[in-house]
Amino acid sequence: MSILQSIRNNATLTDLGVSAKKFKNKLLNYSAIHKEIPENYNPLPIDAVIDYNNNRYEGPQKHICFAPFNSLFFDVRGKVVVCNGNREYVVGDITKDTVKEIWEGDTINKLRQHLDNFDFSLGCSKCADAILSKNYDAAFARSYDSTPTVKSNPVRMEFEISGTCNLACLMCNGFLSSTYRKQIEKQEPYRDVYDESFIDQLEPYLPHLQFTKFSGGEPFLIELYYKIWERMAELNPNCPIHIQTNGLILNNKVKSALEKGKFHIGVSLDGASKENYEKIRMFGKFERVIENLEYFRDYCQRKKTLLNIPFTPTRYTAYEVPEFIRLANQFQATAFFNVVWEPHTLAIWTFDSPELKKLLAFYETQQFEKKTFIELKNHRQFESFKNQVRQWIVNAEVREKVYPEFSSLSNEELIEKLIVRMMEYDNGILANWFTGEVIPDPENHYRKKYREKIDKDPEVMRDTLIRMNTYETERIYLETNVFFHLH
């Protein structure tokens, strides 16, 4: 028996370890409770912070979110953020700034200070919502707990450097999918802003990385990724590489690349049935992705890596959530629920409270196998999602109280109220989300956009205008400037 096994089998030592962990948790929570927060911060309620801390996989941590302390996320625009869940707070621009300047800059330090004071106001509203809703598995911050390292270099990097994609998903947009841009928006795809010089700039940081993630677009269609993976194989072969794919591209080139590294695979699956999957993932084939899932499952088992199947429930698939859990269990994959915030006409959170209560009642009737670690983990994901729905019911009941106030207004009056709020949100300056090009006369730009939608579908748009006036300003801004599909 090894020394380590002897220690594990020693009940006294085990009890001491548990006691030490409990003491550490109490100490960190005590520090949070008694932390003096300057008046210029707007912290979450301390009881919400404590509850979240106690529900982290390793218990309370030094930072409520490690993302700004250990991560950089390179997005399709060339902008650098610290987390996929916060695109609004940009810490740098790779076309203008070096990685070193971004990592050591005042902008990222400001975010670090805000989060260390439990203030999520710098674009971190999704995590704030998840924490307040007790939907802890939906908190982006939680994923960064896997690398709780604070060093002079980032220890994780995430890449979303191209919108090249073979699908046009209903909840997507022309910025993140070249096919959506061409087929739905009828425009030429946005150009890629990254080139091979970007790899040279990354090289000093690659040996220090403990985690990487590649998304798109579709990562297996992005040529620059293959070159980054080659460089990683030379400089840091043991670093985990997480791929977020739609699961439809699987050829010899892909298989060859996978064999050279330690790849964890995430296959996005936004429908548990052929009908809904192909309705949402335009140009996708359900049978093909299921067949490829079998290959990815076998690969991950052989490489001892993880297979993850994220699911993005929409109004079309709200009642398929339990079937998705069962499908993930079938493939021995961990499930994860993404929250659709925009477009509003697809989002579950925009249902009125009676529909949300009906949905929750349906979820309460569902039973799952809980024999294996994965089955238990997936059940926990389902329970977290139910907590989110419970919070959405509360939010919907608040909104419904003010519906009459807006229902009495004309369409033009509703539009003007929205425009006032958005002009305040972006300080009267509106720019293209991708290119940064300033759009002249934003008030009339918004007015024209809303009127065009009214002309196309007056009844749906009337209802949408009323509802949008009850939403948070950030939700309205993103809906209008990035998504605004109104399917």
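Everything below is about the structure printed above this text.
I will try to describe carefully the structure that is included in this document. Computed from a predicted structure; not experimentally measured.

## What to know about the nonpolar core
F74, W229, I265 and Y450 are the most contacted members of the largest nonpolar core, which totals 136 residues. The dominant element in this core, judged by the number of residues it contributes, is helix α14 (residues 286-303), at 7 residues. One finds V76, Y190, W433 and L478 within the second-largest nonpolar core, a separate group that totals 7 residues.

## Description of the packing of helix α19 (residues 411-425) against helix α21 (residues 458-468)
Two elements in contact, α19 and α21, have axes separated by 10 Å at closest approach and are oriented at 40°. The pairing of α19 with α21 is recorded here as oblique in orientation. Seen from above, α19 lies across α21 with left-handed handedness. Across the interface between the two elements, N411, L414, I415, L418 and R421 from α19 touch R462, L465, I466 and M468 from α21. Residues belonging to the contact of α19 with α21 are distributed by class as follows: 6 nonpolar, 1 polar and 2 charged.

## Topic: empty space enclosed by the protein
Across all of its chains, the model carries 3 cavities of 30 Å³ or more by this definition. The space that makes up the largest cavity amounts to roughly 100 Å³. C65, C83, N86, C124 and C127 are, among the 16 residues lining the largest cavity, the residues nearest its centre. Where the lining of the largest cavity is concerned, the elements lending two or more residues are α4 (67-70), α6 (106-116), α7 (125-133) and α8 (140-143).

## Examining the packing of aromatic side chains
Tallied over the full model, the rule gives 32 aromatic pairs. A ring pair is formed by Y190 and F434, whose centres lie 4.5 Å apart and whose planes are at 20°; its orientation type is stacked. Of this pair, Y190 sits in the loop between α9 (178-183) and α10 (196-202) while F434 sits in the loop between α19 and α20 (442-456), placing them 244 residues apart in sequence. Taking the relative accessible area as the measure of exposure, F434 reaches 7% and is therefore buried. It is R112 that lies over the ring of W103; its NZ or CZ is 4.8 Å from the centre.

Procedures and definitions
- Residues numbered from 1 in each chain as written.
- Predicted model: local features only at pLDDT ≥ 70, side-chain atom pairs only at ≥ 80, totals over all residues.
- Heavy atoms only, no water.
- Core = buried A, V, L, I, M, F, W, Y, C linked by side-chain atoms within 4.5 Å.
- Buried < 20%, exposed > 50% of the residue type's maximum accessible area, 1.4 Å probe, protein only.
- Helix = DSSP H or I, 4+ residues; strand = E, 2+ residues; numbered from the N terminus.
- Axes fitted to C-alpha atoms, helices over the stretch in contact; angles between N-to-C directions.
- Parallel < 35°, antiparallel > 145°, perpendicular 65-115°, else oblique.
- Left-handed = near helix turned anticlockwise from the far one by under 90°.
- Contact = heavy atoms within 4.5 Å.
- Nonpolar A, V, L, I, M, F, W, Y, C, P; charged D, E, K, R; others polar.
- 1 Å grid on protein atoms, 1.4 Å probe; cavity = no way out; pocket = protein on both sides within 12 Å on 5 of 7 lines; lining within 4 Å.
- Points joined across faces, edges and corners; volume = space filled by probe spheres on them.
- Phe/Tyr/Trp six-rings, centres within 6.5 Å; stacked < 30°, edge-to-face > 60°.
- Lys NZ or Arg CZ within 6 Å of the ring centre and 35° of its normal.

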